[in-house]
Amino acid sequence: MLRLYDYDLSGNCYKARLLLAILGVDYERKNVDFFPGFKHREPEFLAINPLGQLPVLEDGDLRIAQSAAILVYIARRFDPSGLWYPLDTPDRTGQTQQWLGFAEGLTATASAARLADGMGFDFDADAARAGAHRLLAVMDEHLWFQERQGQGWLVSGEAPTVADIACFPYVMLSEEGGIPRETYPAIRRWSDRVKRIPGFVVMPGIFPAILGSQ
Amino acid sequence: MDGASSIGPWVPVAASEDVVPRHVFQGKLSGQELAIWRADDGYVNVWENRCLHRGVRLSIGVNTGTELVCQYHGWRYANRNAGCTYIPAHPADAPPRTICNRTYPVHEANGLIWTHLGDAGDAAPESLPEEPLVLRAVPLNAAPADVSAALEGFAPDEGMAHRGGLFFSDGISSLQLYVQPMDAGQSVIRGYVTGPLAAQGLALLRRLNTALTAFARQAEAEARAKPAPAPIPPVYGRVSAELAEMPEMTAGPGKIRVTVAAKTMVAEGIVSLELRPLRGVLPAFQPGAHIDVALPNGLVRQYSLVNGPGETDRYIIGVKREAQSAGGSLAIHDHLKAGDLLAISEPRNNFPLRRNAEETIFLAGGIGVTPMLAMAAAMAGDGQNCRLHYFAAGPDHLAFAERLAALGERLTSHLGLDPAGTTAALKAILSDPGPARQVYVCGPGPMLDAARSIAAEQGWPESAVHFEYFRNTHQIDDSSSFEIALARSAVTLQVPAGKSILQVLRENGVAMASSCGQGACGTCRVKVLEGIPDHQDVYLNNTERAANTTIMTCVSRAKSDRLVLDI
């Protein structure tokens with residue numbers, strides 16, 4: 001059984017939960033009290049990940065940290081279709097990696113603003129917000145032109161990829177860090193599409209786009 | 001010509017392509033937040049972005065294609081009229097029709113969605129002969145007036161020159177820009193290209209987006225040098241008195257004028273009327289609602305609305321030809337024609353639909369299918385578990401074939417059954433009562449009586465069996481005389497033999513709503529505080545009757561010498 005070291009309110013942990021749910025993979029959740037317990041800084045967790053970061057995925061003896069790496073691992077291990085982490089062309093693999101990198105930028109900005117506002121972390125929230133807006137403007141422009149070319153996802157192709165999963169949480173939680181999305185209509189439409197992926201699950205602060213979903 | 005001044009107060013707040021199916025676009029105009037959504041029938045709604053219940057943004061809600069559902073407590077608002085159609089916390093009650101979201105005028109032209117916050121009346125922008133190429137909207141943090149002024153110096157670099165206002169042209173092709181004022185310090189540049197240049201499509205869109213984005217960064221840099229203006233405080237519409245109180249009880253035929261847009265035979269002896277408003281928007285309605293129709297021969301008749309959620313631009317009723325009737329159905333069948341005017345009442349819902357059951361069974365007999373069609377469409381549209389059992393004399397008697405077909409496997413028809421056959425079928429359908437199941441019955445009296453008694457025999461709780469009779473076939477005994485005390489009005493009145501409570505109330509100046517006048521529809525229901533009613537209606541179920549807490553004032557009377565009513 002897979003084991004995920006997890007925290008409910010973490011967008012990075014939600015990335016792993018979301019892809020596991022979409023692929024229908026069973027796993028065991030091990031909750032780490034990130035806030036207010038700061039258990040990720042205690043020796044018990046540092047023995048699992050010396051960086052003290054969530055999430056961590058255990059698969060037998062294998063232990064993988066960092067959300068992007070976990071997404072790539074889950075996709076390569078549990079998605080026989082190969083759609084979620086595309087290796088079919090160098091272009092699409094490169095674009096996928098590019099947006100995985102972009103998602104780290106969202107963690108450094110939108111997520112930082114949320115941690116500062118919501119959990120009292122000592123970050124420069126205004127600088128984080130300004131940085132997030134620069135990223136979101138680029139992403140909205142990209143998605144608008146994707147739509148004009150009949151493309152619904154960050155990486156061109158028929159199906160979503162781990163890039164969409166990686167960027168989704170901190171875009172959706174941006175308002176908790178004082179970052180409204182009213183000037184990013186293409187991002188808002190894209191997020192509705194992500195929410196309609198079969199198997200989609202929510203987390204606190206992220207609402208479903210259809211009735212009757214959990 | 002100056003494009004910006006030619007549009008009057010109408011402002012583009014979204015592109016048509018922004019408002020995709022089953023999506024809610026978040027917009028803003030002069031500090032006022034907007035929820036903009038397109039229903040499946042194509043209509044675009046521009047509403048205040050605020051649920052009337054707890055003020056949560058409707059832009060995070062769910063667009064079902066016919067209704068917008070608030071994410072917080074599930075209040076539902078209808079396409080077009082913005083009326084509240086359902087409150088999940090009160091599943092057994094029909095929400096007052098007066099709960100209605102604030103709407104703004106809508107105009108869709110030239111690939112843009114336009115609205116304005118002032119009074120309607122100014123001419124909406126005209127449609128160009130050809131759909132233009134709509135640019136990507138570019139948002140920027142700068143005051144709208146400053147952006148408009150600076151844009152006059154914008155160089156689109158497509159061989160086009162500034163020709164006044166925000167209009168640029170090379171003589172053949174042209175670029176029209178608009179500045180949407182989002183807030184005091186926030187703008188959106190929108191626009192479109194017409195003429196041969198538009199054929200360049202994506203490449204042109206990219207070039208103009210690059211040029212406008214560079215312009216926006218420059219304008220933002222200039223705006224940062226100035227003190228930031230204070231945001232415009234949003235204006236929230238006053239909550240109407242009716243939202244907190246009960247709706248006015250002065251409905252009645254004649255309030256609304258409609259045109260008979262179409263008259264169609266939809267089954268043997270059944271005609272459908274499509275009623276459209278002479279002007280404006282028809283009031284909101286919910287599945288199960290009915291209207292009073294004032295007929296040209298002076299009679300007033302009640303008909304259930306057939307159309308489902310989202311079909312808010314018309315009312316559809318079905319009328320069966322009743323040879324023995326007093327002339328209501330004959331007046332419609334034989335004399336009414338398309339184009340005629342009718343006076344109708346606002347819709348009332350005394351047959352509300354719970355939407356939280358795990359399974360819902362609809363039993364329709366003959367013309368009783370009319371409210372069931374609206375109810376089943378509402379449930380089926382949400383993908384909820386429901387089934388419509390339609391009892392009719394034969395295949396030619398199945399009305400509204402298209403609506404039935406849309407129900408697919410949710411429809412079972414039972415044709416040509418005699419009373420014994422009907423009883424057997426009802427027993428089979430109602431064989432399995434469950435705690436989360438609900439039954440709705442509408443049809444002829446004998447079928448309703450049979451369905452209710454079979455349901456009771458087979459263990460269905462009365463609270464799960466909902467019914468609507470067409471008419472009250474019981475002989476009304478009005479020989480008693482008694483006293484009524486109006487608790488809230490501190491008035492005591494005598495009801496003599498031969499007069500109804502309703503008549504006495506009205507003669508004494510108490511405004512009372514009523515509809516069918518025979519104890520079938522529930523409109524004149526009043527709360528009883530003291531005394532024993534003599535129930536003669538067919539609206540209340542046995543539990544409600546035994547509770548003696550409400551009374552239909554049009555037919556029911558008193559067994560005690562005195563009734564205290566909550567009026």
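This one's a predicted model, so the numbers in the text were calculated from it and none came from an experiment. The residue numbering used here restarts from 1 in each chain and proceeds along that chain's sequence as written. Throughout, the order in which chains and ligands are written sets their labels, letters from A for the former and numbers from 1 for the latter. Given that the model is predicted, a residue must reach a pLDDT of at least 70 before its local features are reported, and side-chain atom pairs must reach 80 or more before they are shown or counted; all residues, however, enter totals for whole chains, interfaces and linings. Hydrogens and waters are ignored; side-chain quantities use all the structure's heavy atoms.

Asker: Is there a simple way to explain the overall build of chain A in this structure?
Answerer: Tallying secondary structure elements over chain A gives seven helices and four strands in all. Summarising its shape, the C-alpha atoms of chain A cover approximately 50 × 45 × 35 Å along the three principal directions. Only protein chains enter the calculation, and the probe is 1.4 Å; a residue is then buried if its accessible area is under 20% of its type maximum, exposed if over 50%, and partly exposed in between. Expressed as a percentage of the 214 residues in chain A, the buried residues total 56%. Residue contacts are counted whenever heavy atoms from the two residues lie within 4.5 Å of one another. For chain A, restricting intrachain contacts to residue pairs at least 6 apart in sequence, the fraction spanning at least 24 positions comes to 63%. Secondary structure elements follow DSSP: runs of H or I of four or more residues count as helices, runs of E of two or more count as strands, with numbering from the N terminus.

Asker: Help me out: how do you make sense of empty space enclosed by the protein in this one?
Answerer: In this approach a probe as big as a water molecule rolls over the atoms, and the regions it shows empty are the leftover space. Using a 1 Å grid laid over the protein atoms alone, points where a 1.4 Å probe fits but cannot get out form a cavity; open sets with protein on both sides within 12 Å along at least 5 of 7 lines form a pocket; any residue with an atom within 4 Å of a point counts as lining. Grid points are joined across faces, edges and corners, and a volume is the space filled by probe spheres set on the points. By the definition in use, this model includes three cavities of 30 Å³ or more. Approximately 190 Å³ is the volume found for the largest cavity. Around the largest cavity, the lining is made up of 24 residues, and of these Pro185(A), Asp18(B), Ala137(B), Val188(B) and Arg190(B) lie nearest the centre. Mapped by element, the contributors of at least two residues to the lining of the largest cavity are α5 (125–148) of chain A together with β1 (11–15), β2 (24–29), β12 (138–140), β15 (174–183) and β16 (186–194) of chain B. For the lining of the largest cavity, the element with the highest residue contribution is β2(B), accounting for four residues.

Asker: Would you explain the interface of chain B and chain A in this entry?
Answerer: Frequently, the measure chosen for interface size is the accessible area that the parts lose on association. On the chain A side, the residues contacting the 30 residues of chain B number 20 residues. When chain B packs against chain A, the two sides together hide about 2200 Å² of surface, and 53% of this comes from carbon and sulfur. Per-residue buried area on chain B facing chain A is highest for His23(B), Gln26(B) and Arg136(B); these three make up 27% of the total on that side. Every case where a carboxyl oxygen of Asp or Glu lies within 4 Å of a side-chain nitrogen of Lys or Arg is listed as a salt bridge. On the surface where chain B and chain A come into contact, there are five salt bridges. Put simply, Glu182(A) and Lys28(B) hold a salt bridge, and the shortest N to O gap is 3.4 Å. Any N or O atom pair separated by 3.5 Å or less is treated as a polar contact, with the protein-specific requirement of one donor-capable and one acceptor-capable atom, and with residues adjacent in sequence counted only for side-chain atom pairs. The tally of links between chain B and chain A comes to ten residue pairs in polar contact (both at pLDDT 80 or more). If you list the elements that add at least two residues to the side of chain B that touches chain A, you get β2 and α3 (202–224) of chain B. Considering each element in turn, the side of chain B that touches chain A owes the most residues, five residues, to α3(B). We define buried area as the total accessible area lost by two parts upon association, computed with a 1.4 Å probe and summed across both.

Asker: Quick question: what am I supposed to make of the layout of surface pockets here?
Answerer: When its volume is computed, the second largest pocket comes out at roughly 1300 Å³. Within the residue set of the lining of the second largest pocket, elements represented by two or more residues are α5 of chain A together with β12, β15, β16 and α3 of chain B. Amino acids outside the nonpolar list (Ala, Val, Leu, Ile, Met, Phe, Trp, Tyr, Cys, Pro) and the charged list (Asp, Glu, Lys, Arg) are all regarded as polar, and Gly is one of them. When the residues that make up the lining of the second largest pocket are grouped by side-chain class, the tally is 18 nonpolar, eight polar and 15 charged.

Asker: Looking at this structure, how should I read the pattern of salt bridges?
Answerer: Opposite charge on two side chains lets them pair, provided their charged atoms get close. For the coordinates displayed, the defined rule picks out 50 salt bridges over all chains. Among the ionic pairs, Asp117(A) bridges to Arg129(A), the shortest N-O distance being 3.0 Å. Of the two residues, Asp117(A) is situated in helix α4 (residues 90–119) and Arg129(A) in helix α5; the sequence distance between them amounts to twelve residues. Among the residues examined, Asp117(A) registers a relative accessible area of 43% and is labelled partly exposed. Connected through shared salt-bridge partners, Asp41(B), Arg80(B), Glu274(B), Arg276(B), Glu311(B), Asp313(B), Arg314(B) and Arg403(B) make up one network.

Asker: What am I meant to see in the side chain of Lys195(A) here?
Answerer: All names here are of chain A. Tracing the sequence through the fold places Lys-195 in helix α7 (residues 185–195). We treat Lys and Arg as the positive residues and Asp and Glu as the negative residues; His and chain ends play no part in the count. Among buried charged residues, Lys-195 stands out as having no salt bridge; its nearest opposite-charge side chain is Asp-192, 4.7 Å away. Of note is the side chain of Lys-195, whose polar atom sits 2.9 Å from the backbone oxygen of Phe-207. Discounting chain neighbours no more than four positions away, the residues touching Lys-195 are Phe-168, Met-172, Phe-200, Ile-206, Phe-207, Pro-208 and Ala-209.

Asker: What's the story with the nonpolar core in this structure? I'm lost.
Answerer: As a rule of thumb, nonpolar side chains are buried together in soluble globular proteins. Here the nonpolar core consists of buried residues drawn from Ala, Val, Leu, Ile, Met, Phe, Trp, Tyr and Cys, with membership extended through side-chain atoms lying within 4.5 Å. Met139(A), Trp190(A), Leu151(B) and Leu177(B) are the most contacted members of the largest nonpolar core, which totals 84 residues. At nine residues, helix α6 (residues 162–172) of chain A tops the list of elements feeding residues into this core. In contact with Leu151(B), other than residues within four places in its own chain, are Leu166(B), Phe168(B), Leu177(B), Val179(B), Ile189(B), Leu212(B) and Phe215(B). Listed in part, the 29 residues of the second largest apolar core include Ile270(B), Leu353(B), Leu373(B) and Leu398(B).

Asker: What is the right way to look at α5(A) in this model?
Answerer: Each turn of an α-helix holds 3.6 residues, which means side chains three or four residues apart point in the same direction. By this rule, a helix spans an expected 1.5 Å times one less than how many residues it contains. The end-to-end C-alpha distance of α5(A), which contains 24 residues, comes to 34 Å, matching closely the 34 Å that a straight helix rising 1.5 Å per residue would cover. The N-terminus of α5(A) is capped by Asp124(A), whose side-chain oxygen sits 3.3 Å from the backbone nitrogen of Asp126(A).

Asker: Looking at this structure, I do not really get the pairing of β16(B). What am I missing?
Answerer: Each regular strand carries side chains that alternate between the two faces of the sheet. All names here are of chain B. When you tally the buried positions in β16, you get nine out of nine residues, the bulk of the element. Here a strand pair is declared whenever DSSP counts at least two bridges between the two strands. Pairing of strand β11 (residues 133–134) with β16 involves two bridges; the strand directions are antiparallel. By the bridge assignment, Leu-133 is partnered in β16 with Val-193. Alignment of β15 against β16, held across nine bridges, turns out to be antiparallel. Considered in β16, the bridge of Tyr-178 is made with Arg-190. Taking the residues that link successive antiparallel strands as the turn, the β15-β16 hairpin has two residues.

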